[in-house]
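An overview of the molecular structure
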Amino acid sequence: MPGMDSLLDGYPLSPQIHDELLGVDGVRPECEPLAAGFDRLGAVEVGARAAYLASRYVDSGVTFDLGGTEKPFPLDIMPRIITASEWNTISTGVAQRVYSLERFLGDVYGNGKVFDDGVVPRRLIVTSPNFVREVAGITPANGVRIHVAGIDLIRDGQGTMRVLEDNVRIPSGVSYVLTNRAAMAGAMPEVMRQYDVQPVDTYPSRLRAALEAAAPAGVSEPNVVVLTPGMFNSAYYEHSLLARTMGVPLVEGPDLVCQQGRVYVRTTMGLNRVDVIYRRVDDEFLDPVHFRGDSVLGAAGLVSAMANGTVTVANGIGNGVADDKLIYTYLPDLIRYYCGEEPVLPNVDSWRLEEPGALEEVLDRLDELVIKPVDGSGGKGIIMGPECTKEELDAARVKLRADPRGWIAQPLIQLSTVPTFVGDRLQPRRVDLRPFAINDGDAIWVLPGGLTRVALREGQFIVNSSQGGGSKDTWVLADRHPVEQPTVPGIQLQAAATGDVAVGPLTSSEPMDKPDRSAWEAQQGQQQQTRIDEEVESC
């Protein structure tokens, strides 16, 4: 910064990359107090506080699993700032998207009107590995299947926020949003006082309220539990944090038992009824009667209890069909269909390889594109064309020709950068953003902030922690002159006729035997959707 020794001295800018703190005319107005605060502290003091953050996370057990080893999740000391006006656009766009996905899932497992109207081909659903026929026709108590969503956003080279992917199965990472804020308030209090930052600590109470609202009809005081695969799962820290902050029990599969069409949890006082299960276990492990017969992470009879209307599972079983990457390409059309308006947040341009001419065009340009498996998550299986060798590109062409329905292609987006403390200076590093939305059936609320992930290595595109990435605290500024914002409603479905629910034949009334320990630990490690990210198959 002119006239003083600045941590931004020598900070490189690129005309192809949007930097969120520095523009062509210098520090962006909303970031001036932030940059000045860091300069007043100086490199030595900032470095000492960055070391404090690292030690705090180690001591507090804020970790992620990498190859079976627990590692602290790196938190960079420079926060990311989002203005109130931009956040209004982001939150409205996220809520619009979640609303449309919720309506779409209602069609997928209901009357299928969206297919009859020709908006989405029905064959995309029946050929999706994430379509779960076992829950077709089951309507949740308040019509909600997406209780929690994580929508991944990126900012392109022109500064436009775009949706990269939707996560409506078991979106993970909100625990780091909560812990990042607490850590930054302790590490940089004088800088935070320069801003009116919207709080994030209401998330657990909001989540609990949404889960209680999803309880079966007639339940006045719902019993909610968090179902975890167990302590060997990579996201166990988050499971335990959410259960503790919501004030509900954290349970594992062997703690649950299904009897007479209901779900109970074992306690020292006997069996207690369970009304809502916030599950952090993948679909295939939830019920060994209907899915994987060797699963020890769920409860036999759970799907039958759902069908009886005596328990709600959040998020809904079968939601993965909605965050299939092929469905992602139809989201703009689905928003127009369900909302009658244009998307607030645009997609990244994408090729559907089954469409005429698309496969050949993609094969010709493979060395400049990003190829994604449609049923992948967390970055798993992605092929980064620009980083591939000729032999790897040839192998990729064979894969695409063999299964064009299984892939989409996208251009390589130059992710925006945010200054990140490296050594004794601030350096640009690429970031993405995952806002979290909660749907209670009446309205969709978006947590003001979200998980900003940062690629800590110079020139790196992949922000995943498995690739050396970290996170930033996301400061959404309060609107000093708020205007009325449109509210995106939750899903309003006509209530089913009241009356006694017929209890079907018992699927399992016997307590589950204590599982084999080695199988239990292995299955915990197989969980994929609960990971914040996974290893990326980049070439």
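Starting from 1, residues in each chain are numbered consecutively following that chain's sequence as written. Only residues with pLDDT of 70 or above have their local features reported here, since the model is predicted, and side-chain atom pairs are shown and tallied only from 80 upward, although totals for entire chains, interfaces and linings are computed over all residues. Just so you know, side-chain values use all the structure's heavy atoms and leave hydrogens and water out.

1. A word on the overall build of the chain
Rules: The way it works is that DSSP assigns letters per residue, a run of H or I at least four long becomes a helix, a run of E at least two long becomes a strand, and they are numbered from the N terminus. The rule is simple: take the accessible area with a 1.4 Å probe, protein chains only, and divide by the maximum for that residue type; under 20% is buried, over 50% is exposed, in between is partly exposed. What makes two residues a contact is simply this: any of their non-hydrogen atoms within 4.5 Å. Using a 1.4 Å probe, the Shrake-Rupley method yields the accessible areas, and only the shown protein chains count as cover for residues.
A count of helices and strands for the chain gives 14 helices and 24 strands. Expressed as a percentage of its 539 residues, the buried residues of the chain come to 57%. Excluding contacts between residues fewer than 6 apart, the proportion of contacts in the chain whose partners are at least 24 apart in sequence is 73%. When the accessible surface of the chain is summed, it comes to about 22000 Å², and 51% of that surface belongs to carbon and sulfur atoms.

2. Looking at the pairing of strand β20 (residues 425-434)
The line we're drawing: Any two strands with at least two DSSP-identified bridges between them are counted as paired.
Within β20, 8 of the 10 residues are buried, leaving the element largely enclosed by the surrounding structure. Pairing of strand β19 (residues 417-422) with β20 involves 6 bridges; the strand directions are antiparallel. For Pro419, the partnering residue across the bridge sits in β20 and is Pro428. Connecting β19 to the antiparallel partner β20 that follows it, the hairpin turn spans 2 residues, and Gly423 within it adopts a positive phi of roughly 70 degrees. In terms of strand pairing, β20 meets strand β23 (residues 451-454) through 4 bridges, oriented antiparallel. Paired with Arg434 across the bridge in β23 is Leu451.

3. Considerations on helix α5 (residues 174-187)
Residues separated by three or four positions in an α-helix point in the same direction, a consequence of the helix having 3.6 residues per turn. Worth spelling out the cut-off: How far a helix is expected to stretch is found by multiplying one less than its residue total by 1.5 Å.
Compared with an ideal rise of 1.5 Å per residue, which puts 14 residues at 20 Å, α5 spans 20 Å between its outermost C-alpha atoms and is within 8% of the ideal. Burial analysis of α5 places 11 of its 14 residues in the buried class, the great majority of the element.

4. Focus on the pairing of strand β7 (residues 161-167)
Counting buried residues in β7 gives 5 out of 7 residues, a clear majority hidden from the surface. Bridging between strand β6 (residues 148-155) and β7 involves 6 bridges; their strand directions are antiparallel. Each bridged residue has a counterpart across the sheet, and for Arg155 the counterpart in β7 is Met161. Here β6 folds back onto β7, and the loop between the two strands holds 5 residues, one of which, Gly159, carries a positive phi near 90 degrees.

5. Some points on the sheet that holds strand β12 (residues 270-273)
Heads up, the condition is: In this description, a line fitted to the C-alpha atoms serves as the axis of each element, helices being fitted only across the stretch in contact, and the angle between N-to-C directions of two axes falls anywhere from 0 to 180 degrees.
Taking strand neighbours across the sheet as the criterion, the 3 strands line up as β10-β11-β12 in an open arrangement whose pairing is antiparallel. If you trace the sheet from one side to the other, it starts and ends with β10 (256-259) and β12, each paired once. Averaged over all neighbouring strand pairs, the angle between strand axes comes to 40 degrees, with direction disregarded. Alignment of strand β11 (residues 262-267) against β12, held across 4 bridges, turns out to be antiparallel. For Tyr264, the partnering residue across the bridge sits in β12 and is Arg273.

6. Some remarks on the confidence of the model for the chain
To keep it simple, the criterion reads: What pLDDT conveys is the predictor's confidence in a given residue, as a value from 0 to 100.
Overall, the predicted model of the chain reaches an average pLDDT of 87, with 85% of residues at or above 70. Every residue in residues 492-514 is under pLDDT 50, and counting partners more than four places away or in other chains gives 30 contacts.

7. Focus on the sheet that holds strand β18 (residues 407-411)
Taken in spatial order, the 4 strands line up as β15-β18-β16-β17 in an open sheet, and their pairing is antiparallel. On the outer flanks of this sheet lie β15 (351-352) and β17 (383-384), each paired with one strand and no other.

8. Side note on the packing of aromatic side chains
This is how it is decided: Here the aromatic set is Phe, Tyr and Trp, taking the six-membered ring for Trp, and pairing holds for ring centres within 6.5 Å; pairs whose planes are under 30 degrees apart are stacked, those over 60 apart are edge-to-face, and all others are tilted. Here, a charge over a ring is recorded when the distance from Lys NZ or Arg CZ to the ring centre is within 6 Å and its angle to the ring normal is within 35 degrees.
Tallying each qualifying case throughout the model produces 5 aromatic pairs. When the ring of Phe104 is compared with that of Phe115, the centres are 6.2 Å apart and the planes differ by 75 degrees; the resulting orientation is edge-to-face. Of this pair, Phe104 sits in helix α2 (residues 84-108) while Phe115 is found in helix α3 (residues 113-116), placing the two residues 11 residues apart along the sequence. Grouping residues by exposure puts Phe104 and Phe115 together as buried. In this structure, Arg352 is placed above the aromatic ring of Tyr330, and the distance from its NZ or CZ to the ring centre is 3.7 Å.

9. Side note on helix α8 (residues 236-246)
Of all the 11 residues making up α8, 8 are buried; the element is thus mostly covered by neighbouring parts of the structure. Looking one or two residues beyond α8, the residue adopting positive phi is Gly247, at roughly 75 degrees.

10. Quick notes on unusual backbone geometry
The omega torsion across Ala314 and Asn315 is -10 degrees, close enough to zero to call that bond cis. Inspection of the secondary structure puts Asn315 in the loop between β14 (312-314) and α11 (325-339). Backbone geometry places Gln260, a non-glycine residue, at a positive phi of 50 degrees. Take Gln260: it is sitting in the loop between β10 and β11.

11. Considerations on the pattern of salt bridges
What counts, and what does not: Salt bridge, as used here: a side-chain nitrogen of Lys or Arg that lies within 4 Å of a carboxyl oxygen of Asp or Glu.
Summed over all chains, the structure comprises 31 salt bridges. In this structure, Glu354 engages Arg123 in a salt bridge whose closest nitrogen and oxygen atoms are separated by 3.0 Å. Within this pair, whereas Glu354 is found in the loop between β15 and α12 (358-364), its partner Arg123 is found in helix α4 (residues 123-126), the two being separated by 231 residues in sequence. With a relative accessible area of 39%, Glu354 lands in the partly exposed category. We note a salt bridge from Asp275 to Arg273, for which the minimum N-O separation is 2.6 Å. Assessed through its relative accessible area of 32%, Arg273 is described here as partly exposed. One network of salt bridges, in which partners are shared, links Glu20, Arg80, Glu86 and Arg155.

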